Amino acid sequence: MNIVIFGAPGSGKGTQSEKMIQEYGLHHISTGELLRDHIARGTHLGKVADTYISQGLLIPDELIVELLSEIFKEHPEKAAKGVIFDGFPRTIAQAEALSKMLGEYGTVIHAVIGLEVNEDELVRRMLERGKQSGRSDDNIDTIRKRLDVYHKQTAPLKDYYLTAGSYHSINGNRSVDEIFEDIRKSLDPYKEK
Ligand code: AP5
Ligand code: MG
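Definitions and cut-offs
- Residues numbered from 1 in each chain as written.
- Chains lettered and ligands numbered in written order.
- Predicted model: local features only at pLDDT ≥ 70, side-chain atom pairs only at ≥ 80, totals over all residues.
- Heavy atoms only, no water.
- Helix = DSSP H or I, 4+ residues; strand = E, 2+ residues; numbered from the N terminus.
- Buried < 20%, exposed > 50% of the residue type's maximum accessible area, 1.4 Å probe, protein only.
- Contact = heavy atoms within 4.5 Å.
- Phe/Tyr/Trp six-rings, centres within 6.5 Å; stacked < 30°, edge-to-face > 60°.
- Polar contact = N/O pair within 3.5 Å; in protein donor to acceptor, adjacent residues only side chain to side chain.

Participant: An account of the environment of Ala-155 is needed here, citing residue identities and associated values.
Facilitator: Residue placement: Ala-155 occurs in the loop between helix 8 (140-154) and helix 9 (157-164). Overall, the relative accessible area of 24% leaves Ala-155 in the partly exposed class. The spatial distance from the C-alpha of Ala-155 to the C-alpha of Ile-92 is 9.8 Å, given a sequence separation of 63 residues. When residues no more than four places from it in sequence are discounted, the contact partners of Ala-155 are Phe-6 and Tyr-150.

Rendered as structure tokens:
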């Protein structure tokens, strides 16, 4: 089972991924975490990514797709066993590249879990996290930019996956456990297959 967890910055993608890992034993690939790890290690990719992330902008598609394809080459078992993609894809071009990559391993995206959260709540959560996270993008100016980028570049993916018939809309304004209960209801039918 390959799942995309989809939603605006601060919508709870990372939080719900942790619960899905426990429940379904899937691998977790968060492009944001991978990039922050590169930044912490001071790699070339990390240095490039840092300039985009701190401004709230997306890293160019080619760099992200390259990062993903290297992971699959190094760990083919991930593609085979099932992955939760968190923060990827973020553009139509990335979604097309993902579908092509998975196709090479004979698999597809089975379901997209879309966390829908009000804008005020998103800002509140990220400002709250920013007190401790040390993330260069958890400040009000960068949060506003990230939301703007989300609406322009990422939100159109919702229609892309609705057309593909795999999009499950989840009300993400509630408690972590209530949200997860709905995710479980959406994913259980795929588990059976
Ligand atoms: P990324 O790391 O993916 O960040 P994001 O999408 O901005 O989302 P967050 O990680 O901030 O939020 P989340 O949805 O995971 O929510 P969380 O569970 O943490 O990307 C960062 C940057 O990297 C991008 O801006 C871009 O520059 C670059 N990048 C990454 N992927 C890329 C790609 N594919 N292409 C190009 N560039 C890419 O929750 C948020 C907070 O709320 C937490 O404190 C949590 O404890 C709390 N919380 C969670 N759920 C609830 C709840 N139900 N009620 C109350 N509080 C809650
Ligand atoms: Mg996250």
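Next comes the rest of the write-up.
Participant: Got a sec to walk through the packing of aromatic side chains? Specific residues and values, please.
Facilitator: Aromatic rings considered in pairs are described by the distance between their centres and by the relative angle of their planes. The full count for this structure, using the stated rule, is 6 aromatic pairs. Centroid distance Phe-6 to Tyr-150: 6.2 Å. Interplanar angle 45°. Geometry classified as tilted. Highlighted residues: Phe-6 in strand 1 (residues 3-7) and Tyr-150 in helix 8, separated in sequence by 144 residues. Since its relative accessible area comes to 13%, Tyr-150 is described here as buried. Taken together, a centroid distance of 5.7 Å and an interplanar angle of 55° make the contact between Phe-72 and Tyr-105 tilted. Separated by 33 residues along the polypeptide, Phe-72 in helix 4 (residues 61-74) and Tyr-105 in the loop between helix 6 (92-104) and strand 4 (111-116) bring together distant segments of the chain. Here Phe-72 falls in the buried class, since its relative accessible area comes to 1%.

Participant: Explain the side chain of Thr-91 residue by residue, including any values.
Facilitator: Mapping Thr-91 onto the fold places it in the loop between strand 3 (83-86) and helix 6. A polar contact is formed between the side chain of Thr-91 and the side chain of Asp-61, at a distance of 3.0 Å. Of note is the side chain of Thr-91, whose polar atom sits 3.0 Å from the backbone nitrogen of Gln-94.

Such coordinate-based values are descriptive only and should not be taken to indicate function.
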